[in-house]
Amino acid sequence: TPKYTPATPEMVDEVLSAYPDRAKKMRAKHITVKTEGCASCSVKSNSKTVPGLMTARGCAYAGAKGVVFGPVKDMVHISHGPVGCGYYSWGNRRNLAEGELGVNNFVPFQFTSDFSENDIVYGGDKKLEQICREVKELFPTVKGISVMSECPVGLIGDDIESVSKKMSKELDLPIVPVRCEGFRGISQSLGHHIANDAVRDHLLGKKEREEEVGPYDVSLIGDYNIGGDAWASIKILEEMGLRVRNVWTGDSTIEMLQTAHQVKLNLIHCYRSMNYICKHMEETYGIPHMEFNFFGPTKIKQSIRAIAAHFDDYIKEKGEAVIAKYEPMMQAVIDKYRPRLEGKKVMLYVGGLRPRHVIGAYEDLGMEVVGTGYEFAHKDDYDRTMPMMGDNTVIYDDVTAYELEEFVNRMKPDLIGSGVKEKYVFEKMGYPFRQMHSWDYSGPYHAYDGFPIFARDMDIALSSPTWGLAKAPWKKETVKEVR
Ligand code: CFN
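All of these numbers come straight from a predicted model, not from anything done at the bench.

Undergrad: Quick rundown of the pattern of salt bridges? Include the residues and the values.
TA: Scanning the model with the defined rule gives 38 salt bridges in all. Residue K235 is joined to D449 by a salt bridge in which the shortest nitrogen-to-oxygen separation is 3.0 Å. One end of the pair, K235, is in helix α10 (residues 229-239); the other, D449, is in helix α20 (residues 447-463), and 214 residues separate them in sequence. Residue classification places K235 among the partly exposed positions, given a relative accessible area of 33%. Among the residues examined, D449 registers a relative accessible area of 32% and is labelled partly exposed. A cluster of three or more residues bridged by salt bridges with shared partners is formed by K126, E129, R133, K166 and E170.

Undergrad: Got a sec to walk through the site of the ligand? Specific residues and values, please.
TA: Near the ligand there are 14 residues, and of these R93, H192, C270, R354 and H437 occur at the shortest range. Looking at the shell around the ligand, its residues break down into seven nonpolar, five polar and two charged.

Undergrad: Let's hear about the environment of G205: which residues, and what values?
TA: Assignment of secondary structure puts G205 in the loop between α9 (188-202) and β6 (217-223). Among the residues examined, G205 registers a relative accessible area of 28% and is labelled partly exposed. Each C-alpha atom, one on G205 and one on Y88, is 33 Å from the other, the two residues being 117 residues apart in sequence. Those residues in contact with G205, other than ones at most four positions away along the chain, are Q258, H261 and Y285.

Undergrad: Which residues make up the packing of α10 against helix α14 (residues 313-341), and what values do they have?
TA: Interhelical geometry of α10 versus α14 gives an angle of 125° and a closest axis separation of 8 Å. Here α14 runs oblique to α10, going by the angle between their axes. Residues K235, I236 and E239 of α10 lie in contact with α14, whose contacting residues are K318, V322, K325 and Y326. A breakdown of the residues in the contact of α10 with α14 according to their chemical character gives three nonpolar, no polar and four charged.

Undergrad: Quick rundown of the packing of aromatic side chains? Include the residues and the values.
TA: On inspection of all chains with the given rule, the structure shows 22 aromatic pairs. Measuring from ring centre to ring centre gives 5.8 Å for F111 and F139, while their planes differ by 80°; the resulting arrangement is edge-to-face. Note that F111 is positioned in strand β3 (residues 111-112) and F139 in the loop between α6 (125-138) and β4 (144-149), a separation of 28 residues in sequence. Here F111 matches F139 in class, with each residue buried. Where Y374 meets Y382, the ring centres are 5.0 Å apart and the plane angle is 85°; that geometry is what we call edge-to-face. For the pair formed by Y374 and Y382, the shared burial category is buried.

Undergrad: So what about the pairing of strand β11 (residues 368-372)? Which residues, and what values?
TA: Across the five residues that make up β11, a large majority, four, are buried. In this sheet, β11 lies alongside strand β10 (residues 345-348) in parallel orientation, the contact comprising three bridges. Pairing of M347 across the sheet is with G371, part of β11. Here two bridges tie β11 to strand β12 (residues 393-396), and the two strands are oriented parallel to one another. Note on β12: the bridge partner recorded for T372 is I395. A crossover connection joins β11 to the parallel β12 through helix α17 (residues 379-385); in handedness this β-α-β unit is right-handed.

Undergrad: Please give an account of the environment of V103 that cites residues and values.
TA: If you trace the backbone, V103 turns up in the loop between α4 (83-88) and β3. A sequence separation of 36 residues divides V103 from F139, and the C-alpha atoms of the two residues are 6.8 Å apart.

Undergrad: Account for the sheet that holds β11, naming residues and giving values.
TA: Taken in spatial order, the six strands make up an open sheet running β1-β12-β11-β10-β13-β14, and their pairing is mixed. Bordering the open sheet on either side are β1 (31-34) and β14 (433-435), each of which pairs with just one other strand. With strand direction ignored, the average angle separating the axes of adjacent strands in the sheet is 25°. As paired elements, strand β13 (residues 415-418) and β14 share three bridges and run parallel to each other. Directly across from I416, in β14, lies its bridge partner F433.

The rules we used
Residues numbered from 1 in each chain as written. Predicted model: local features only at pLDDT ≥ 70, side-chain atom pairs only at ≥ 80, totals over all residues. Heavy atoms only, no water. Salt bridge = Lys/Arg side-chain N within 4 Å of Asp/Glu carboxyl O. Helix = DSSP H or I, 4+ residues; strand = E, 2+ residues; numbered from the N terminus. Buried < 20%, exposed > 50% of the residue type's maximum accessible area, 1.4 Å probe, protein only. Near = heavy atom within 4 Å. Nonpolar A, V, L, I, M, F, W, Y, C, P; charged D, E, K, R; others polar. Contact = heavy atoms within 4.5 Å. Axes fitted to C-alpha atoms, helices over the stretch in contact; angles between N-to-C directions. Parallel < 35°, antiparallel > 145°, perpendicular 65-115°, else oblique. Phe/Tyr/Trp six-rings, centres within 6.5 Å; stacked < 30°, edge-to-face > 60°. Pairing = 2+ DSSP bridges. Right-handed = clockwise from strand over helix to strand, strands pointing away.

In structure tokens, the structure reads:
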């Protein structure tokens, strides 16, 4: 096995020395090695990628359509613009949804206005009207429509707001215009914000549930049910005695978006994508929110107690009972896998939450995260990340393909967790890899149901005999520069 080498500032310097001076200076601000004490340990984030550097980021449309609106199952989400954005965002996030296809579940479908040159020249508003009518005609049980703008819609100045208003009246259906043209902002992060604002302006509070708000009514915010994550999380919350009224937005419905002002507490898992609406609900409706983390038994236990602390003794006792019920099962998982995984070093690079949220789950298995970073996190995310990382670890923001590859080449971790753009590069280099966006066709990884699967998957990746058959580049006689 290759020898792990901890990160040093010199290593980062060496990697960045391949860049021209200006690019090197810019990128240096986004990367830091955490050293002992580390008072000045921070990175620049949420700034524009320098053109020419190979980023893994997505766009505003990805954040709004793919992340926030897409999983709302009883709405039809129109990818409004040329066909590519819809096609390439179709079905690969693995946000699972239950229901009858074409009746109350449209998640596996893809709706696009398929702009052609004609629509760019003459505008697509008439076409959008027609699509709305067709949606209602083909799927009379649809509960709402979202119009997700792609770049050209904004560039040519189409008025999707007035079309949505007009068609909403004509069809007696909520129709939400979402101005998430890909070029807005610098990453998918602004798409989250735009989508949060659209929910705020067009859906939240627009409907009242008749049933009174119960003392234990909560919403699960920022769980997109990737591989069944939200189902696993709901299970814990309900066993604690809480009533999960809404999930935003995994396996969720338009009613869950409209009536979410009728709960006692918002529980937020993905802070990055949903903090905006939680702050809004706190200010407008006085609903407090709290962040929690359901990755790995240590964090789950802490989270159950922190959640229960918002309620009375009844919930606190039930919370403790849940912990007592599941801890032995989790200990059995740890007993099985920890001896195989102990001491293994992991490098991560994911979107806006998981690069810090999964650290505890690895630690439960005796593994250490020695490098991590986000595609599109903000300062508040890095502030939450730094204390979780050990000394001589590297933190990288919007890391480029070249940089990550070179850090891996130098540090030689045992496992890499990142996205599909990274997966095959590292697998070809002979590195065990897990796709940490879609859970690599597996999951759930959240909650007590998820941890045994997480542990098994990490072990499968690390223990596969395949890696012994691949010749890693640094083992070859002539090491080629990969530039
Ligand atoms: S499911 Fe979430 S948990 S919503 Fe967000 S910040 Fe993406 S799609 Mo990919 S896996 Fe990733 Fe997070 Fe929140 Fe997913 S770390 S990048 S935009 N994300």
